[in-house]
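Take a look at the letters that make up each chain.
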Amino acid sequence: AQKVTQAQTEISVVEKEDVTLDCVYETRDTTYYLFWYKQPPSGELVFLIRRNSFDEQNEISGRYSWNFQKSTSSFNFTITASQVVDSAVYFCALSGGYGGATNKLIFGTGTLLAVQP
Amino acid sequence: DAGVTQSPTHLIKTRGQQVTLRCSPKSGHDTVSWYQQALGQGPQFIFQYYEEEERQRGNFPDRFSGHQFPNYSSELNVNALLLGDSALYLCASSLDRGVRAEAFFGQGTRLTVV
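Read on for an overview of the structure.

### Points about the overall build of chain B
Then comes step 1: Looking only at helices and strands, one finds zero helices and 11 strands in chain B.
Then comes step 2: Going from N to C terminus, chain B has its helices and strands arranged as β-β-β-β-β-β-β-β-β-β-β.
Then comes step 3: Against the compact-globule benchmark of 13 Å for 114 residues, chain B has a radius of gyration of 13 Å, which places it among compact chains.
Then comes step 4: Taken over the C-alpha atoms alone, chain B extends approximately 35 × 25 × 25 Å along its principal axes.
Then comes step 5: Every one of the 114 residues in chain B was classed for burial, and the buried ones make up 52%.
Then comes step 6: Sequence separation of 24 or more characterises 53% of the internal contacts of chain B that already satisfy a separation of 6 or more.
Then comes step 7: Here chain B displays about 5,300 Å² of accessible surface, and carbon together with sulfur accounts for 49% of that area.
Then comes step 8: With 10 positive and 11 negative side-chain charges, chain B shows a separation of 8 Å between the mean positions of the two kinds.

### Focus: the nonpolar core
All names here are of chain A.
Then comes step 1: In this structure, Trp-36, Trp-66, Phe-75, Phe-77, Tyr-90 and Leu-113 are the most contacted members of the largest nonpolar core, which totals 25 residues.
Then comes step 2: Counting only elements with at least two residues in this core, the list comes to β2 (10–14), β3 (19–21), β5 (32–39), β6 (46–52), β8 (64–69), β9 (74–79), β10 (88–96) and β12 (111–116).
Then comes step 3: Ranked by residues supplied to this core, first place goes to β10 with four residues.
Then comes step 4: Apart from residues no more than four positions distant in its own chain, Leu-113 is found in contact with Ile-11, Val-13, Val-19, Ile-79, Asp-86, Ser-87, Ala-88 and Tyr-90.

### Let's talk about the side chain of Asn103(A)
Then comes step 1: Topologically, Asn103(A) is positioned in the loop between β10 and β11 (105–107).
Then comes step 2: Overall, the relative accessible area of 4% leaves Asn103(A) in the buried class.
Then comes step 3: Among the polar contacts listed, one links the side chain of Asn103(A) to the side chain of Ser94(B), at a separation of 3.0 Å.
Then comes step 4: A distance of 3.4 Å separates the side chain of Asn103(A) from the backbone oxygen of Ala101(B), its partner in a polar contact.

### So, unusual backbone geometry
Then comes step 1: Residue Ser7(B) is joined to Pro8(B) through a cis peptide bond whose omega torsion reads -10 degrees.
Then comes step 2: In this fold, Pro8(B) is placed in the loop between β1 (5–7) and β2 (10–13).
Then comes step 3: Its identity as a non-glycine residue notwithstanding, Ala81(A) has a phi of 50 degrees, on the positive side.
Then comes step 4: Summarising the element assignment, Ala81(A) is placed in the loop between β9 and β10.
Then comes step 5: We note that Glu51(B) has phi near 50 degrees; this positive angle belongs to a residue other than glycine.
Then comes step 6: Within the secondary structure, Glu51(B) sits in the loop between β5 (44–50) and β6 (53–57).

Cut-offs and rules
Residues numbered from 1 in each chain as written. Chains lettered and ligands numbered in written order. Predicted model: local features only at pLDDT ≥ 70, side-chain atom pairs only at ≥ 80, totals over all residues. Heavy atoms only, no water. Helix = DSSP H or I, 4+ residues; strand = E, 2+ residues; numbered from the N terminus. Rg over C-alpha atoms; globule rule 2.2 N^0.38 Å. Buried < 20%, exposed > 50% of the residue type's maximum accessible area, 1.4 Å probe, protein only. Contact = heavy atoms within 4.5 Å. Areas by Shrake-Rupley, 256 points an atom, 1.4 Å probe, with all protein chains shown as cover. Lys, Arg positive; Asp, Glu negative; His and termini not counted. Charge placed at Lys NZ, Arg CZ, Asp CG, Glu CD. Core = buried A, V, L, I, M, F, W, Y, C linked by side-chain atoms within 4.5 Å. Polar contact = N/O pair within 3.5 Å; in protein donor to acceptor, adjacent residues only side chain to side chain.

Structure follows, in structure tokens:
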């Protein structure tokens, strides 16, 4: 069965601090994709990044960086120099199964990030 | 280019009633998926429509049904509403339904059952 675990329910930081959001996944598939989405209070899920199971290169995009480690089934997300606008719920998600024929997403329970000014 | 649009944004229904939620996918997208997000939880997959047929279904009862129209728009119907159906319902569209397809989400419909 596929599963995504985000052990951190809530994180509170002060602006300009770095923060890392943890994500651990379970899957038996060899081909799968991992995603991070941001959900502001408006409710819409905003896509941040997608990684496939064959690409373990870390990625940096501005203040965002991602660390994918297959050996520990983790896909962690770091925000450097956090800003108040980063306050939101962040979801890690996994797609796979059915021989790669579906983009059905399995979401974690989310991490609420509060950045204080 | 309009993204995924959902209507209505908010809805209040009485237990036992029926509700229909609507979704227009992002331009060019042919696959629509529906998710239910209870308060404080991650979204849960309800089902996916492709070529006007339900192609995959999550662990939801038959009270939840849907439809996809020739223009790729979709409806989610929920019959015999229960208090536990209160949630944010999210629609996601994608260019196809393969594992790598990126899903674009709408702003959701917040359903409250009283």
